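Residue-level structural notes
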Amino acid sequence: MYEEMVDDRRYAGHGVRELRILRTDSVENLSRDDAEIAIAVGVLASARPVLTSPWARKPLRLGAFEPARLVRLVDIGCTDSSHRVLFEGTPAEAYALYDSAVEAHIDRIIAGDSYRPGKDCGRCDAVATCPALPSAPGLLGISESGLPRRSWSMTTGRTHRRCPARAHMESLFLPRDGLAEDTEAIVRGKAVHAWIESRHRRMPQRPCEADDVPGPPEAWQYEGWSLTGLQARLGIQMIGDHSLVCPLRDRPEDVEVQPERTVAVYDPDADTVVVAKTDLLYRVGERWTLTRAGRSARSGGSSAGERTLRSGDGKADRQRSGRHRNRHRCPGCCRPGEKRP
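Every residue gets a number counted from 1 within its own chain, in the order that chain's sequence is written. In view of the model being predicted, local features appear only for residues whose pLDDT reaches at least 70, and side-chain atom pairs are presented and counted only at 80 or more, with totals across whole chains, interfaces and linings using the full set of residues. Side-chain measures here rest on the full set of heavy atoms in the structure, leaving out hydrogens and waters.

The next point concerns the overall build of the protein chain. Labels follow the DSSP assignment, with helices taken as runs of H or I lasting at least four residues and strands as runs of E lasting at least two, numbered in each case from the N terminus. For the protein chain, the helix and strand inventory stands at eight helices and 14 strands. Partly exposed residues are those whose accessible area sits between 20% and 50% of the maximum for their type, while under 20% is buried and over 50% is exposed, using a 1.4 Å probe and protein chains only. Across the 341 residues in the protein chain, those meeting the buried criterion constitute 33%. In the protein chain, 55% of the contacts between residues at least 6 apart in sequence involve partners at least 24 apart. Carbon and sulfur atoms form 53% of the exposed surface of the protein chain, whose accessible area is close to 21900 Å². Pairs of residues are marked as contacts when any of their non-hydrogen atoms sit within 4.5 Å. Residue burial considers only the protein chains on display, and all accessible areas are found by Shrake-Rupley using a 1.4 Å probe.

What follows is the structure, given as structure tokens:
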């Protein structure tokens, strides 16, 4: 037995049931999964309203079921008042869409026996006993916090260091002004990161090469990030510099590579799930190596840090990968006067 529930702004009256899904950004060009739409309208057409507060941790109290003659699902963009009707039809049409796009998918999820720890673990009631989530008491050095269970990451910590109020606002998923906050350097970093990630996901896996670039140095774009002029040239330089220190270079053919892998661990003393998203995680034999690429906003250079974990010994060795390779131009990672070995 399982429960299906959709949650957002619900309106009902005169035989019409409407669910408005609020989004922080514009919904004009927002792509939506067909299965997500199908499950929302299927539940909306047949379910009873939940009267219990969404913040109350107790069994749900349901209202009376009132048949509907029309079901409507609408996307709402809060920043620009954009809206888009995702579905409008009779309950029979909603049931048909659900049966064709959702039922088999949900059956596979329910029957599955795999776990995927990640950023949502902080809201899970089974986090303390989950077999896939490692436990590390005292990891954060906090005990008996008395606060509700939550998630924490390095990004959360950096944001809180700069501005605690901003960290709190981001935890509430309030919208941010991308045009004002995304500087040219930030856009360049995101474009370069997306391109390098796509190269690491190629099959068969192979290292990045200096001439493997997304476009001419004068102007190029990738996954919605567009660069021109100096930023485009710096982006190409960063991609070329990365190819000299690409973690996939000089690795055995049977290496297990997981790009953009999210890892999580639970600290029961602080009742907090610590989450980290790695640029690249790979395994050779019994050794796991975590890599994190750093992109310099001032020079456009790049470097890669590695942390190697060997199974069984619990130790980690930190390396500066490629910092002094023979062909590396050191665009900014070396301190003035530092000698190369």
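Now, onward.
Within the largest apolar cluster, twelve residues are counted, these being L19, I21, I37, A40, V41, L44, A45, V71, L73, L86, F87 and A94. Mapped onto this core, the elements with two or more residues apiece are β2 (16–23), α1 (34–46), β3 (70–77) and β4 (83–89). For this core, the element with the most residues is α1, which contributes five residues. When near neighbours in sequence (up to four residues on either side) are disregarded, L44 contacts R17, E18, L19, V71 and R72. Buried Ala, Val, Leu, Ile, Met, Phe, Trp, Tyr and Cys residues form a nonpolar core when they are joined through side-chain atoms within 4.5 Å.

Geometry of aromatic contacts follows a simple scheme: Phe, Tyr and Trp rings, the Trp one being its six-membered ring, pair when their centres are within 6.5 Å, and the pair is stacked under 30 degrees between planes, edge-to-face over 60, tilted otherwise. One pass over the structure, following the stated rule, counts one aromatic pair. Taking the centre distance of 5.1 Å and the plane angle of 90 degrees together, the rings of W195 and Y222 count as edge-to-face. Taken together, the positions of W195 in helix α7 (residues 184–200) and Y222 in strand β6 (residues 219–222) put the pair 27 residues apart, joining distant regions of the chain. Of note, R20 hangs over the ring of Y11, and the distance from its end group to the ring centre comes to 4.3 Å. In this scheme, Lys NZ or Arg CZ marks a charge over a ring once it lies within 6 Å of the ring centre and within 35 degrees of the ring normal. A cation over an aromatic ring shows up here: R199 above the ring of W195, its NZ or CZ 4.1 Å from the ring centre.

So, on to the environment of R17. Here R17 shows up in strand β2. When the C-alpha atoms of R17 and R69 are compared, they prove to be 8.2 Å apart, with 52 residues separating the residues in sequence. Contact partners of R17, with chain neighbours within four places excluded, come to Y11, A12, L44, A45, S46, A47, F65, E66, A68, L70, V71 and R72.

Pairing is mixed in the open sheet, where four strands are placed in the order β1-β2-β3-β4. Two strands lie at the open edges of the sheet, namely β1 (9–13) and β4, each paired on one side alone. Strand-to-strand twist of the sheet, defined as the mean angle between neighbouring strand axes without regard to direction, takes the value 15 degrees. We call two strands paired when DSSP finds no fewer than two bridges between them. Across six bridges, the pairing between β3 and β4 is antiparallel. Bridge assignment links D75 to a residue of β4, and that residue is R84. Here helix α2 (residues 91–101) sits on the sheet in contact with β3 and β4, set at roughly 100 degrees to β4. Axes here refer to lines fitted to C-alpha atoms; in helices the fit is confined to the stretch in contact. Angles between the N-to-C directions go from 0 to 180 degrees.

Following both chains from N to C, one finds helix α4 (residues 154–162) and helix α5 (residues 164–171) inclined at 135 degrees, their axes separated by 5 Å at the closest point. The angle between the axes of α4 and α5 places the two elements in the oblique class. Of the residues in α5, those touching α4 at T159, H160 and R162 are P164, R166, A167 and E170. Should an angle fall under 35 degrees it is taken as roughly parallel, and over 145 as roughly antiparallel, whereas 65 to 115 is taken as roughly perpendicular and any remaining angle as oblique.

Tracing the chain through its elements places E223 in the loop between β6 and β7 (225–228). Sequence separation between E223 and A194 is 29 residues, and the spatial gap between their C-alpha atoms is 7.3 Å.

A few words on the environment of R150. Along the polypeptide, R150 turns up in strand β5 (residues 150–152). Owing to a relative accessible area of 28%, R150 belongs among the partly exposed residues under this scheme. Sequence spacing of R150 and A270 is 120 residues, and the spatial spacing of their C-alpha atoms is 9.2 Å.

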